[in-house]
Amino acid sequence: MRICVFCGANAGARPVFAEATKELGALIARRGMGVVYGGGNVGLMGILAGAALEAGGEVIGVIPKRLVDRELAHTGVSALHIVPTMHERKALMADLSDAFIALPGGFGTLDEIFEILTWAQMGIHSKPCGVLNVDGFFDSLMAFLDRAVEEGLLQLRNRNLFAIASDPGELIRMLDIRASHRTEEVKDVR
């Protein structure tokens, strides 16, 4: 199993973001899973890759050529895919992954997780999705989504397409449960 992790190219203002990212990267590797991520060597991306590699895990980076040219690629990962565009980056990351997690980040992180959730809403994939709510980082986003449900702009079943937890181990457990339910549903169809 490979988990795609969307996270910031910046480390953030508080050490708790880096600590949670290290914990998640190491946990994924120790559980024998691979990491798919944006291929960077900076910010939370670099921290994630370093932690997973240090724990002996497989780390696959996917990065647009433009960022490689700016010397932002992590050259020590298990595999590094260089693609022409951000669109191709997201598509390949999705193809290589069995589940998705968003960590704290900015526009890019939100773009990536919302595109994956939109694809799930549309039935393009049924892979489990999760958000690691480090120190309440995503609380206001969750409130926004709840408001969208209240206002009839987002269906509750789509609001519930992702798991949310503040502990990396708990989030992985929740994704495992969602993945096993997905496998059971596929068996039922056959």
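A few points on the structure.

Procedures and definitions
- Residues numbered from 1 in each chain as written.
- Predicted model: local features only at pLDDT ≥ 70, side-chain atom pairs only at ≥ 80, totals over all residues.
- Heavy atoms only, no water.
- Helix = DSSP H or I, 4+ residues; strand = E, 2+ residues; numbered from the N terminus.
- Rg over C-alpha atoms; globule rule 2.2 N^0.38 Å.
- Buried < 20%, exposed > 50% of the residue type's maximum accessible area, 1.4 Å probe, protein only.
- Contact = heavy atoms within 4.5 Å.
- Areas by Shrake-Rupley, 256 points an atom, 1.4 Å probe, with all protein chains shown as cover.
- Lys, Arg positive; Asp, Glu negative; His and termini not counted.
- Charge placed at Lys NZ, Arg CZ, Asp CG, Glu CD.
- Expected span 1.5 Å × (residues − 1).
- Arc of directions from axis to C-beta.

**Here we look at the overall build of the protein chain**
- If you tally the helices and strands in the protein chain, you get eight helices and seven strands.
- Taking 2.2 N^0.38 as the reference for a compact globule, 190 residues should give roughly 16 Å; the C-alpha atoms of the protein chain span a radius of gyration of 16 Å, in line with that estimate.
- Expressed as lengths along the three principal axes of its C-alpha atoms, the size of the protein chain is roughly 45 × 40 × 30 Å.
- Evaluated residue by residue, the protein chain yields a buried proportion of 46% over its 190 residues.
- For the protein chain, long-range pairs separated by at least 24 residues make up 69% of all intrachain contacts whose partners lie at least 6 apart in sequence.
- Of the roughly 9,700 Å² of accessible surface on the protein chain, 53% is carried by carbon and sulfur atoms.
- The distance from the centre of the 19 positive side-chain charges to the centre of the 23 negative ones in the protein chain is 3 Å.

**Brief notes about helix α6 (residues 139-150)**
- Relative to the 16 Å expected for 12 residues at 1.5 Å per residue, α6 spans 16 Å between its end C-alpha atoms, a close match to the ideal helical length.
- Leu 141, Met 142, Leu 145 and Ala 148 are the residues of α6 that are buried. Take α6 and look down its axis: the buried residues cluster within an arc of 115°, on one side only. Facing away from the buried side of α6, by more than 90 degrees, are the exposed residues Ser 140, Arg 147 and Glu 150.
- Next to the buried residues of α6 lie α5 (107-121), α7 (156-159) and β7 (162-165).
- One or two positions beyond α6, positive phi appears at Gly 152, with a value near 75°.

Honestly, that's just the spatial picture; any functional story needs more than this.
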